[in-house]
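# Chain and residue survey
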Amino acid sequence: MAVLLRTSAAVAIALVASALPYALSQVRAAPTPSSAAELRDPSHFIGIADAPTRSVALFEEAVKVFQHPRCVNCHSASDQPRQTDRMRPHQPLVVRGADGTGAPGMACGTCHGAANADAARTPGAPRWQLAPASTALEGRSAAQICAQIKDPARNGNRDIAAILDHVATDDLVIWAWLPGAGRAPPPGTSTTFAALMRAWAETGAHCPPS
Ligand code: HEC
Ligand code: HEC
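About the criteria used
Residues numbered from 1 in each chain as written. Chains lettered and ligands numbered in written order. Predicted model: local features only at pLDDT ≥ 70, side-chain atom pairs only at ≥ 80, totals over all residues. Near = placed C-beta within 6 Å. Helix = DSSP H or I, 4+ residues; strand = E, 2+ residues; numbered from the N terminus. Nonpolar A, V, L, I, M, F, W, Y, C, P; charged D, E, K, R; others polar. Buried ≥ 20, exposed ≤ 12 C-beta atoms within 10 Å, placed from the backbone. pLDDT = per-residue confidence, 0-100. Contact = placed C-beta atoms within 7 Å. Arc of directions from axis to C-beta.

### Overview of the site of ligand 1
In the vicinity of ligand 1 there are 23 residues, among which Cys71, Cys74, Thr135, Asn155 and Gly156 approach most closely. Broken down by secondary-structure element, the contributors of at least two residues to the shell around ligand 1 are α2 (51-66), α3 (69-72), α5 (160-169) and α6 (171-175). When its residues are assigned to classes, the shell around ligand 1 shows 15 nonpolar, seven polar and one charged.

### Points about the site of ligand 2
Inspection of the region around ligand 2 gives 22 residues, with Asn73, Pro81, Gly102, Cys108 and Cys111 positioned closest. Here the shell around ligand 2 is built from residues that sort into 10 nonpolar, nine polar and three charged.

### A closer look at the environment of Ala133
Here Ala133 is to be found in the loop between β2 (88-89) and α4 (142-150). When the 14 C-beta atoms within 10 Å are taken as the criterion, Ala133 is described as partly exposed. Expressed as a C-alpha distance, the spacing of Ala133 and Arg154, which sit 21 residues apart in the sequence, is 8.7 Å.

### Some remarks on the confidence of the model for the protein
Per-residue confidence for the protein gives a mean pLDDT of 89, with 84% of residues at or over 70. Residue range residues 11-31 is modelled with pLDDT below 50. Its contacts to residues more than four positions away, or to other chains, number zero contacts.

### What to know about α4
Within the sequence span of α4, burial applies to Ala142, Ile145, Cys146 and Ile149. End-on view of α4: buried residues confined to an arc of 100°, all on one side of the axis. Those residues of α4 that are buried lie in contact with α2 and α5.

Here it is as structure tokens:
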């Protein structure tokens, strides 16, 4: 019995030992993954010779930001903002109102100031308000987001240059990377995000297939 146990233990060890190098080689052989937690800068894509293909790859990297809760919570698909990384409906209940700044008596500015108020857990930035319904990001695919941000009828009548300017300089976009205590920023930096969008535009602003 003891001999049998020792033998099976030895077999088990031998099996693990022989499987280990294989497992390690699998880890090493895996292509560099595009994890949701990182944002690769445009230089990672220069190896893609075909410009439209590179353009799509650049957008698919940038879309990690568009689909992040810090952006989606304001660009919700309903007339209510969302909160936290779980993107739960805003508490207390607030609504879009006539111009995105909330209903009378419950305006966004009642609670949200021009800067984060960490003691009250309330995020803030200049002109804090709900994003227009036509710019909703909640539940949208990369192809849908790409199409709508290129469409002047849905993007606030912007051409590509104005979109690039917005994503590089807008207070609410910049806020996402300085979201205040207890909130995680989107991956990367606002500079890398803007650079990805610029490189996407320079390669023809192509969209992923829908
Ligand atoms: C506090 C709410 C808020 C947050 C947070 C926010 N936005 Fe917006 N966003 C708006 C509003 C309001 C507008 C419309 C402003 C205008 O048209 O001048 C807008 C407009 C835009 C536009 C131009 C319209 C369009 O969709 O083509 C883009 C692009 C955009 N936001 C991207 C982002 C990204 C990316 C993030 C996160 C990094 C973000 N926004 C975070 C409220 C927000
Ligand atoms: C009664 C106060 C109050 C009002 C009014 C209010 N908010 Fe908020 N809001 C808060 C607080 C507090 C939080 C932080 C909740 C948390 O993170 O636990 C918050 C969080 C948010 C967030 C989540 C940020 C993130 O990414 O986690 C968004 C987006 C937001 N509010 C948008 C709005 C908009 C748009 C309006 C107006 C239509 C508005 N809020 C009106 C108190 C308010």
